[in-house]
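Here are the chains, one letter per residue:
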Amino acid sequence: MLADLFETPWFAEIKNKIIQERKQYTVYPPANLFFNAMDLCPVPQTKIVILGQDPYHGTGQAHGLSFSVPFGIDIPPSLLNIYKELKRDLDIKPAAHGNLESWARQGVLLLNSSLSVRANSPASHFYIGWEKFTDLVIERLSQNKENLVFLLWGNFARKKNILIAQNKKHLVLEAPHPSPLSASRGFIGCGHFSKANQYLQTHGLEPISWELPA
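Residues numbered from 1 in each chain as written. Predicted model: local features only at pLDDT ≥ 70, side-chain atom pairs only at ≥ 80, totals over all residues. Heavy atoms only, no water.

Quick look at the overall build of the protein chain
Link 1 in the chain: The secondary structure content of the protein chain amounts to 7 helices and 6 strands.
Link 2 in the chain: The order of α-helices and β-strands along the protein chain, N terminus first, is α-β-α-β-α-α-β-β-α-β-α-β-α.
Link 3 in the chain: Relative to a compact globule of 214 residues, whose C-alpha radius of gyration would be 17 Å, the protein chain shows 17 Å and is just as compact.
Link 4 in the chain: Taken across its 214 residues, the protein chain has 55% of its residues classed as buried. (Helix = DSSP H or I, 4+ residues; strand = E, 2+ residues; numbered from the N terminus. Rg over C-alpha atoms; globule rule 2.2 N^0.38 Å. Buried < 20%, exposed > 50% of the residue type's maximum accessible area, 1.4 Å probe, protein only.)

Spelled out as structure tokens, the structure:
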């Protein structure tokens, strides 16, 4: 579904820009993890899409999955609020780590709009062209699959609603971003995790086990 995108002139331009960036700066995540979200959650297995903005920009944090960090890295504030809502919504005990790979392996596409970032410089790679690529990922998922759940948290993610087929073959859930600045304005209490699973089950699909392994 995505193979042709990698052969386009504009994707070659993205690669060249990344090569130049890495000559001057530290870039996260490591290049082999740029497409980790799609490696762990291939298009045919995708059930839920959670959209992030760009990778974490601190040392060791980014590993190609939105909101997720590798084992051994402190849990970021936004993810702590996601855990808080999971506890409220489904009575799931917060995990002691921030690694969301088990969600990805079950069909949750943890997709950032930008797939790389310069160290200690948030949003620094938006100019590179990643958003064209990830917008097409969203569009093609929407067009070619049915009964997906899109979780759009925060104004940036909500703007992606226009990319999703408006023919009621998917469930789109919107809420404020889970960051400490906005979580109390409607993210906490949104019930998205239970609503997503109810929708999947209604359409004969296996629900997500949101409880993370230790």
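Structural notes on the nonpolar core
Link 1 in the chain: Counting residues in hydrophobic clusters, the biggest one holds 63 residues, and the most contacted among them are I48 and W103.
Link 2 in the chain: With residues near it in sequence (within four places) discarded, I48 still touches G107, V108, L109, V149, L151, A196, L200, I208 and W210. (Core = buried A, V, L, I, M, F, W, Y, C linked by side-chain atoms within 4.5 Å. Contact = heavy atoms within 4.5 Å.)

Some remarks on the side chain of D54
Link 1 in the chain: Along the polypeptide, D54 turns up in the loop between β2 (48-52) and α3 (77-90).
Link 2 in the chain: It turns out D54 is buried and unbridged, and the closest side chain with the opposite charge, R118, is 10 Å from it.
Link 3 in the chain: A distance of 2.6 Å separates a polar atom in the side chain of D54 from the backbone nitrogen of A123.
Link 4 in the chain: Filtering out sequence-adjacent residues up to four positions away, D54 remains in contact with N112, S114, V117, P122, A123, S124 and F126. (Lys, Arg positive; Asp, Glu negative; His and termini not counted. Salt bridge = Lys/Arg side-chain N within 4 Å of Asp/Glu carboxyl O. Polar contact = N/O pair within 3.5 Å; in protein donor to acceptor, adjacent residues only side chain to side chain.)

Some words on the pattern of salt bridges
Link 1 in the chain: By the definition in use, this model includes 9 salt bridges.
Link 2 in the chain: For the salt bridge of R140 with D4, the shortest nitrogen-to-oxygen distance reads 2.6 Å. In this pair, R140 sits in helix α5 (residues 130-144) while D4 sits in the segment before α1 (9-24), placing the two residues 136 residues apart along the sequence.
Link 3 in the chain: Here E101 makes a salt bridge to R105, at a shortest N to O gap of 3.6 Å. In this pair, E101 and R105 both sit in helix α4 (residues 101-105), 4 residues apart, roughly one turn of the helix.
Link 4 in the chain: Among the ionic contacts, a cluster of salt bridges with common partners joins E131, D135 and K160.

Comments concerning the packing of aromatic side chains
Link 1 in the chain: Summed over all chains, the structure comprises 18 aromatic pairs.
Link 2 in the chain: An aromatic cluster is built from F6, W10, F11, F34, F35, W130 and F133, whose rings are joined through pairwise contacts.
Link 3 in the chain: Sitting over the face of the ring of Y25, R118 holds its NZ or CZ atom 3.8 Å from the ring centroid. (Phe/Tyr/Trp six-rings, centres within 6.5 Å; stacked < 30°, edge-to-face > 60°. Lys NZ or Arg CZ within 6 Å of the ring centre and 35° of its normal.)

Observations concerning the state of the cysteines
Link 1 in the chain: The final tally for this structure, using the stated rule, is 0 disulfides.
Link 2 in the chain: Of all cysteine sulfurs, the one in C190 lies closest to C41, which takes part in no disulfide; the gap is 20 Å.
Link 3 in the chain: Using a relative accessible area of 1% as the deciding quantity, one classes C41 as buried.
Link 4 in the chain: Judged by its relative accessible area of 9%, C190 falls in the buried class. (Disulfide = S-S within 2.5 Å.)

Focus: the side chain of T46
Link 1 in the chain: Here T46 is to be found in the loop between α2 (36-40) and β2.
Link 2 in the chain: A polar side-chain atom of T46 sits 3.1 Å from the main-chain carbonyl oxygen of P42.
Link 3 in the chain: If near-sequence neighbours (up to four positions away) are discounted, T46 is found in contact with C41, G107, L109, L141, K145 and L148.

No statement about biological role is implied by the geometric values presented.
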